[in-house]
There are 2 protein chains.
Amino acid sequence: MSPQESHSLGELGEFGLIASITADLADDPRVPVGPGDDGAVVRIDGDLVVSTDTVVEGVHFRNDWSLPHEVGQRAVAAAVADLIAMGARPVAMVVAFSAPADLPASWAKQCTQGMKLEAAKSGIALVGGDVTSGPAVTVAVTVLGDLAGHPPILRDGARPGDVVALRGRVGWSAAGLRVLSRGFRSPRVLVEAYKVPEVVYSAGGEARSGGATALIDISDGLLADLGHIADASGVRVNVDRAAFTLPDPLQAVSAAIGVDPWTFILTGGEDHAFAGTFSSPDRVPEGWLVIGEVLAGEPSVTVDGTAWEGASGWDHFHRS
Amino acid sequence: MSPQESHSLGELGEFGLIASITADLADDPRVPVGPGDDGAVVRIDGDLVVSTDTVVEGVHFRNDWSLPHEVGQRAVAAAVADLIAMGARPVAMVVAFSAPADLPASWAKQCTQGMKLEAAKSGIALVGGDVTSGPAVTVAVTVLGDLAGHPPILRDGARPGDVVALRGRVGWSAAGLRVLSRGFRSPRVLVEAYKVPEVVYSAGGEARSGGATALIDISDGLLADLGHIADASGVRVNVDRAAFTLPDPLQAVSAAIGVDPWTFILTGGEDHAFAGTFSSPDRVPEGWLVIGEVLAGEPSVTVDGTAWEGASGWDHFHRS
């Protein structure tokens, strides 16, 4: 370990970390004033979309499972996914970073490098933040996007007769977490999916081009999040399991640990795939998988026409 | 204690707390889509200003010193002060709330009531948030303001010949903290100033009307924050102690504990007063106190023409 790497966050200091984070930020015409003043100034086209998302050490990640840059990537990916799910274009983000003073400074720097790496994938700019001490690493990412004159794509627009389509993977992150919890490190693709979700940042634009009537980020689990569309739109949503091909690594893990693979697919959260509803199958964009239909009826989600037994999602204070 | 008050945050649940927070939000024409979707939609006039601020249990507040609504008020006040210091109009805020599952639900609810109480003072709307579990109560508030076609008021515009003026109190919060640290509860005005800073939310508009050349929120301490103006503007800032009247409670505490009252005035943080520079004394708005002048020279801050000995501010990892 080099002398620099042995520094603690306490030795580096609040202003030292901020300087290290902001040192290599590129000029951005959408950010007339970047970090360094009381606030950043951001140029917005049309209405603004804002969302915030937190990851906490020991709750959302473990230092023995995730590298610091993975923690940073994941925090940003989860937050930006919410902008995408509103049909917004990512513009700028601020980060509230809290950590013990004895955290290695290199950890904090690598975490912020991961944030910037993930941010670059969607074109969102880091424009500011706050660094404080606290008992556990806590990273709260607030993201700002703009709508460029378009209306947002909400959860309440699904109508009976719409089809339900999915963009991205589901169940991979939950299966990866299960693998790690059992003390294993493979299948590697699942573990990687848990550590850094692979967010399809183009999904918002795709959904808009297909005239999506509703759109949501799948963070709690497919059924739980479709339930939010069902509730907001006042419709029943049915998922057809026949639409899915069970991915090999999910099948392998399910067989090895004796878990129904559908538990991962239907209730696993944190992959940050997107579920949208479209007025007809021919409006579903390329790359999206039709997985069900919107029906009239009491707000609910069914699987192959019937209620799904068992846990449907995740509540941060009810570990279900 | 009523049955309801005996609930823990874990029993109330993430969605229960969110529902309780968002239940009584008023309709706001600037917020076309409030909480409940993947993000909130906010109508912005001109460029956007964004800033984020965190308070952590055991670092920024202690539960035996502050009531939950005071913690909420303080978190919002500190964050909104940054918007004011940019000359922005407060519009919307999001809150990332992290707490142990055994926190009383009433604590969380009262904290958010305090946030809304303080928010109403400046007209900022709570539009969303994230609730997660974590080892210590951590509240990260991100605030959004707009500039309505005006340029922001930055730190880099102070010019030799400008006067330096102050809006609000300095030293009260630090003195209040010292009182509490010694196990006392009075003078009450100082303790109150520590628990909930009294932010002059009109200061941004006042500063703009006076053509402020630079403006800053005093969160680290008067000398430390004037140092930020000096560095950004490439000027020397001098503070004249003769401009101040030492407030009685500060004098009383200083005498009682044997501390130079100027330590509080010049280096005490977290009152969230505002320091601005103006091109001439007759442009200084009503309610502002002229406390010094801007001079040519190496960026620095002097007191009565000479360097101030001792600590000048606060670094979250270097407790100076």
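Residues numbered from 1 in each chain as written. Chains lettered and ligands numbered in written order. Predicted model: local features only at pLDDT ≥ 70, side-chain atom pairs only at ≥ 80, totals over all residues. Heavy atoms only, no water.

Asks: Tell me about the sheet that holds strand β1 (residues 40–42) of chain A, and name the residues and values.
Replies: Strand order in the open sheet formed by five strands is β1(A)-β2(B)-β5(B)-β3(B)-β4(B), with mixed pairing between adjacent strands. Sheet topology places β1 of chain A together with β4 (125–133) of chain B at the edges, where each strand pairs with a single neighbour. Neighbour-to-neighbour, the strand axes of this sheet turn through a mean angle of 20 degrees, independent of strand direction. Pairing between β1(A) and strand β2 (residues 48–56) of chain B: three bridges, direction antiparallel. Each bridged residue has a counterpart across the sheet, and for V41(A) the counterpart in β2(B) is V49(B). Strands β3 (89–99) and β4 of chain B of the sheet are contacted by helix α2 (residues 14–22) of chain B, whose axis makes an angle of about 160 degrees with β4(B). (Pairing = 2+ DSSP bridges. Helix = DSSP H or I, 4+ residues; strand = E, 2+ residues; numbered from the N terminus. Axes fitted to C-alpha atoms, helices over the stretch in contact; angles between N-to-C directions. Contact = heavy atoms within 4.5 Å.)

Asks: Give me the lowdown on the relation of the copies chain B and chain A, citing residues and values where you can.
Replies: For these two chains of identical sequence, chain B goes onto chain A by a turn of 180 degrees and a shift of 0.0 Å along the axis, with RMSD 0.0 Å. With respect to symmetry, the two chain copies, as superposed, fit the operation of a two-fold axis. A shared binding surface is used by both copies, with 100% of the interface residues of chain B retained as interface residues in chain A. (Least-squares fit on C-alpha atoms with pLDDT ≥ 70 in both.)

Asks: Go over the interface of chain B and chain A, please, and point to the residues and values.
Replies: Listed by partner, the interface residues are 67 residues for chain B and 67 residues for chain A. Here chain B meets chain A over a buried area of about 4900 Å², counting both sides, of which 59% is carbon and sulfur. Counting across the chain B and chain A interface gives six salt bridges. In this structure, the salt-bridge partner of D37(B) is R155(A), at a minimum N-O distance of 3.4 Å. If you look at where chain B meets chain A, you find 19 residue pairs in polar contact (both at pLDDT 80 or more). Elements with a minimum of two residues in the side of chain B that touches chain A: α1 (9–12), α2, β1 (40–42), β2, β3, β4, β5 (138–146) and β7 (214–218) of chain B. (Buried area = accessible area lost by both parts, 1.4 Å probe. Salt bridge = Lys/Arg side-chain N within 4 Å of Asp/Glu carboxyl O. Polar contact = N/O pair within 3.5 Å; in protein donor to acceptor, adjacent residues only side chain to side chain.)

Asks: Describe in detail the environment of S279(A), supporting the description with residues and values.
Replies: Residue and element names in this part refer to chain A. On the secondary structure map, S279 appears in the loop between β9 (273–278) and β10 (289–295). Judged by its relative accessible area of 39%, S279 falls in the partly exposed class. Sequence-wise, S279 and V199 are 80 residues apart; in three dimensions their C-alpha atoms are separated by 24 Å. Beyond its immediate stretch of four places on either side in the chain, S279 contacts G161 and D162. (Buried < 20%, exposed > 50% of the residue type's maximum accessible area, 1.4 Å probe, protein only.)

Asks: If you had to explain the packing of α2(B) against helix α4 (residues 105–122) of chain B to someone new, which residues and values would you point to?
Replies: Residue and element names in this part refer to chain B. One way to put it is that α2 packs onto α4 with a least axis distance of 10 Å and a crossing angle of 30 degrees. Handedness of the crossing formed by α2 with α4: right-handed. Side by side, α2 and α4 meet where L17, S20 and I21 of the first sit next to A108, K109, T112 and K116 of the second. Split into classes, the residues belonging to the contact of α2 with α4 amount to three nonpolar, two polar and two charged. (Left-handed = near helix turned anticlockwise from the far one by under 90°. Nonpolar A, V, L, I, M, F, W, Y, C, P; charged D, E, K, R; others polar.)

Asks: An account of the pattern of salt bridges is needed here, citing residue identities and associated values.
Replies: All chains considered together, the criterion is met by 28 salt bridges over all chains. For R43(B), the salt bridge is made with D47(A), and the minimal N-O distance between the two is 2.7 Å. Note that R43(B) is positioned in the loop between β1 and β2 and D47(A) in the loop between β1 and β2 (48–56), a pairing that runs across two chains. Three or more residues are tied together by salt bridges with common partners; here these are D37(A), D38(A) and R155(B).

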